[in-house]
Amino acid sequence: MKIKIIGKKINLRTLAPSDAQSIFENVNDKAVSRYMKRIPYPYTLKDAKKVIKKAQQAGRKKTKIDYYFGVEEKSSRQIIGMIGLHKVSQRDKNASIGYWLGRKYWRKGIGTEALQLILKFAFRKLKFNMLRAGVMRPNVASQKLLAKCGFKRGGRIRQRFFREGKYLDEIYFDILRKEFKKKYYSKSFN
């Protein structure tokens, strides 16, 4: 299933095999993968091809659908990051959000736009009630991004991850459909 969500600086779109090189170039950076749960460092071109294959297979499943989107820079049409909805519960109308962005695109409003686009997709198109995200405690930039986009801090799991010789807590955030509606839409909302 091909999906494209149009933004101002970026688009969110399904991945294609031709995206492997740009994914590899942007995520194969210790600063990018440092606080990521499932992204290894070093990251290889083979890893990028595997994630593209996984993303394409996820869209075909009937029982368990995850959504993987490439963050496409409009000017170059290159994938500069990824964002997705995972652990989707159709019955409970919720999912987890995960994302990463190439380092040279940090602090340019792109992460904010990508998160806002996926929120709109999840709450308006998929009719979800709640979205959640987990962030490793030292990742303050990601915590600020979630708060800026309307997420509320919910709690933490102590020493959930082992990174660079020490245990790190995971901080949980979530946002409800009604909170999204209030923040982004003062009038009509579907």
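Worth saying up front: this structure is predicted, and the values here are computed from it rather than measured.

Definitions and limits used
- Residues numbered from 1 in each chain as written.
- Predicted model: local features only at pLDDT ≥ 70, side-chain atom pairs only at ≥ 80, totals over all residues.
- Heavy atoms only, no water.
- Axes fitted to C-alpha atoms, helices over the stretch in contact; angles between N-to-C directions.
- Helix = DSSP H or I, 4+ residues; strand = E, 2+ residues; numbered from the N terminus.
- Parallel < 35°, antiparallel > 145°, perpendicular 65-115°, else oblique.
- Left-handed = near helix turned anticlockwise from the far one by under 90°.
- Contact = heavy atoms within 4.5 Å.
- Nonpolar A, V, L, I, M, F, W, Y, C, P; charged D, E, K, R; others polar.
- Core = buried A, V, L, I, M, F, W, Y, C linked by side-chain atoms within 4.5 Å.
- Buried < 20%, exposed > 50% of the residue type's maximum accessible area, 1.4 Å probe, protein only.
- Pairing = 2+ DSSP bridges.

Peer 1: When you look at the packing of helix 4 (residues 110-125) against helix 5 (residues 140-148) in this model, what are you seeing that I'm missing?
Peer 2: In a packed pair of helices, the relevant descriptors are the angle between the two axes and the axis-to-axis distance. Put simply, helix 4 and helix 5 touch, their axes get as near as 10 Å, and they point 50° apart. The angle between helix 4 and helix 5 falls in the class oblique. Once helix 4 is placed against helix 5, the crossing between them reads as right-handed. Residues Gly111, Thr112 and Leu115 of helix 4 lie in contact with helix 5, whose contacting residues are Leu145, Leu146 and Lys148. A per-class count over the contact of helix 4 with helix 5 returns three nonpolar, two polar and one charged.

Peer 1: How should I be thinking about the nonpolar core in this particular structure?
Peer 2: Burial of nonpolar side chains together is a common tendency in soluble globular proteins. Leu12, Ile83, Leu85, Ile97 and Leu131 are the most contacted members of the largest nonpolar core, which has 40 residues in total. Of all the secondary-structure elements, those providing two or more residues to this core are strand 2 (10-13), strand 3 (67-73), strand 4 (79-89), strand 5 (94-101), helix 4, strand 6 (130-136), helix 5 and strand 8 (166-176). Here the element with the most residues in this core is helix 4; it accounts for nine residues. Apart from residues no more than four positions distant in its own chain, isoleucine 97 is found in contact with Ile83, Gly84, Leu85, Leu115, Ile118, Leu119, Leu131, Arg132, Ala133 and Phe151.

Peer 1: Would you mind going over the environment of phenylalanine 161 with me for this structure?
Peer 2: Within the element layout of this structure, phenylalanine 161 appears in strand 7 (residues 152-163). Classification of phenylalanine 161 by relative accessible area gives buried; the value is 10%. For the pair phenylalanine 161 and lysine 37, spaced 124 residues apart in the sequence, the C-alpha separation amounts to 8.1 Å. In this view, phenylalanine 161 contacts Lys37, Met136, Lys166, Tyr167, Leu168 and Glu170; residues no more than four positions away in its chain are not counted.

Peer 1: Can you help me understand the sheet that holds strand 2 in this one?
Peer 2: Whenever strands of a sheet pair, they do so through backbone hydrogen bonds, lying parallel or antiparallel. Pairing is mixed in the open sheet, where eight strands are placed in the order 1-2-3-4-5-6-8-7. In this open sheet, the two edge strands, each paired with only one partner strand, are strand 1 (4-6) and strand 7. Neighbour-to-neighbour, the strand axes of this sheet turn through a mean angle of 25°, independent of strand direction. As defined by bridge partners, strand 5 adjoins strand 6 across three bridges and the pair is classed as parallel. Each residue of the ladder has a partner; that of asparagine 94, found in strand 6, is methionine 130. Along the sheet, helix 4 contacts strand 1, strand 2, strand 3, strand 4, strand 5, strand 6 and strand 8; its crossing angle with strand 4, the most-contacted strand, is approximately 30°.

Treat this as a map of the structure, not an account of what it does.
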